[in-house]
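# Descriptive analysis of the structure
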Amino acid sequence: MEEREISKAVIKRLPRYYRYLGEILESGVERISSSELSSRMKVTASQIRQDLNNFGGFGQQGYGYNVKYLYEEIGKILGVDKQHNMIIVGGGNLGQALANYVAFEKNGFVIKGIFDVNPVLKGLSVRGIQIHMLEDLREFIQKEAIQIAALTLPKSKAEEMTELLVRYGVKAIWNFAHVDLQVPEDVLVENVHLSESLMQLSYNITRYEKEHLE
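We now turn to the structure provided with this report. Every value quoted in this text rests on a predicted model; they were computed, and no experiment measured them. (Residues numbered from 1 in each chain as written. Predicted model: local features only at pLDDT ≥ 70, side-chain atom pairs only at ≥ 80, totals over all residues. Heavy atoms only, no water.)

### Describing a nonpolar patch on the surface
Where nonpolar side chains cluster on the molecular surface, the patch consists of Leu198, Leu201 and Ile205 and spans about 300 Å² of accessible area. In this fold, Ile205 is placed in helix H9 (residues 194–212). (Patch = residues over 30% accessible without salt bridge, like charges linked within 9 Å, V, L, I, M, F, W, Y side chains within 5 Å. Areas by Shrake-Rupley, 256 points an atom, 1.4 Å probe, with all protein chains shown as cover. Salt bridge = Lys/Arg side-chain N within 4 Å of Asp/Glu carboxyl O. Helix = DSSP H or I, 4+ residues; strand = E, 2+ residues; numbered from the N terminus.)

### So, the side chain of Thr152
With respect to the helices and strands, the residue Thr152 is situated in the loop between strand E7 (148–151) and helix H8 (155–167). Engagement of the side chain of Thr152 in a polar contact is seen with the backbone oxygen of Gly90, the distance being 2.9 Å. Setting aside residues up to four positions removed in sequence, Thr152 forms contacts with Ile88, Val89, Gly90, Leu94, Gly95, Leu98 and Phe176. (Polar contact = N/O pair within 3.5 Å; in protein donor to acceptor, adjacent residues only side chain to side chain. Contact = heavy atoms within 4.5 Å.)

### Some points on the sheet that holds E7
Strand pairing in a sheet relies on backbone hydrogen bonds. The paired strands run either parallel or antiparallel. Spatially, E5-E6-E4-E3-E7-E8-E9 is the arrangement adopted by the 7 strands of the open sheet, whose pairing is mixed. Each end of this open sheet is capped by a strand with a single partner; those strands are strand E5 (125–126) and strand E9 (188–191). Both strand E3 (residues 84–89) and E7 contribute to a ladder of 4 bridges, which runs parallel. By the bridge assignment for E7, Ile88 is matched with Ala150. Where H8 meets the sheet, its contacts fall on E3, E7 and strand E8 (172–175), and the angle it forms with E7 comes to roughly 170 degrees. (Pairing = 2+ DSSP bridges. Axes fitted to C-alpha atoms, helices over the stretch in contact; angles between N-to-C directions.)

### With respect to helix H3 (residues 45–53)
Helical geometry: 3.6 residues make up each α-helical turn, so side chains three or four residues apart lie on a common side. Residues of H3 that are buried: Ala45, Ile48, Asp51 and Leu52. Projected down its long axis, H3 carries its buried residues within an arc of 125 degrees, all on one side. As for H3, its buried residues are in contact with helix H1 (8–26), helix H2 (34–41), strand E2 (65–66) and helix H4 (67–78). (Buried < 20%, exposed > 50% of the residue type's maximum accessible area, 1.4 Å probe, protein only. Arc of directions from axis to C-beta.)

### Observations regarding the packing of H1 against H4
Relative orientation of the contacting elements H1 and H4 amounts to 145 degrees, with a least axis distance of 9 Å. You can see that H1 and H4 cross each other, and the crossing is left-handed. Residue-level contacts link Leu14, Pro15, Tyr17, Tyr18, Leu21, Gly22, Ile24 and Leu25 of H1 to Val67, Lys68, Leu70, Tyr71, Ile74, Gly75, Ile77 and Leu78 of H4. When the residues that make up the contact of H1 with H4 are grouped by side-chain class, the tally is 13 nonpolar, 2 polar and 1 charged. (Left-handed = near helix turned anticlockwise from the far one by under 90°. Nonpolar A, V, L, I, M, F, W, Y, C, P; charged D, E, K, R; others polar.)

### Description of the nonpolar core
As a rule of thumb, soluble globular proteins bury nonpolar side chains together. Grouped together as the largest cluster of nonpolar side chains are 20 residues, with contacts concentrated most on Ile87, Leu137, Ile141, Leu151 and Leu165. Taken together, the elements giving at least two residues each to this core come down to E3, helix H7 (137–143), E7 and H8. Excluding its chain neighbours within four sequence positions, the residues that come into contact with Ile87 are Gly113, Phe115, Leu137, Phe140, Ile141, Ile146, Ile148, Ala149, Ala150 and Leu165. Listed in part, the 18 residues of the second largest apolar core include Leu37, Met41, Phe58 and Tyr65. (Core = buried A, V, L, I, M, F, W, Y, C linked by side-chain atoms within 4.5 Å.)

Written out as structure tokens, the structure reads:
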């Protein structure tokens, strides 16, 4: 049977469901209705049911959802039930901040190494993750079966580095550089443009002030 195409909006909400369900599970709740989940997440109950129906529903009328089962099933859909080996390219402040974020491992994202061109950083470690030089990149990617590269480089270096990563076999790039990368169709890119996110927040602040303070 042909898989139905899932909208980007639904995919964007899945990590939120996963995070909230994890918190609910930790609090000892065994089952939850779409209405109860709605009140926690500020998403309508009908939207929740509609989203989950894209993947089979998971709930029972009059019972709701088994929290542990739903949490595990959404984890499988997101692919966080298995390990993804990744590297960080760029050992500056942002790269080191990412390396220090321990929650990645809990969700199956294992940072195997950090890469930089600055010889002063060679051999240093961030939370036990060693910083390597770029001459070791190709061998490291192959040896450690790296799937994902987090790119925390300046815009001027990002495109050149992306070409290298693709050539060496990386299939997914988490891009923090302020540039839209051009990659082959079989390579995935997730852009994290921090300034754009901040500008969206600025827009919402401005709109709120116009509506409520004038």
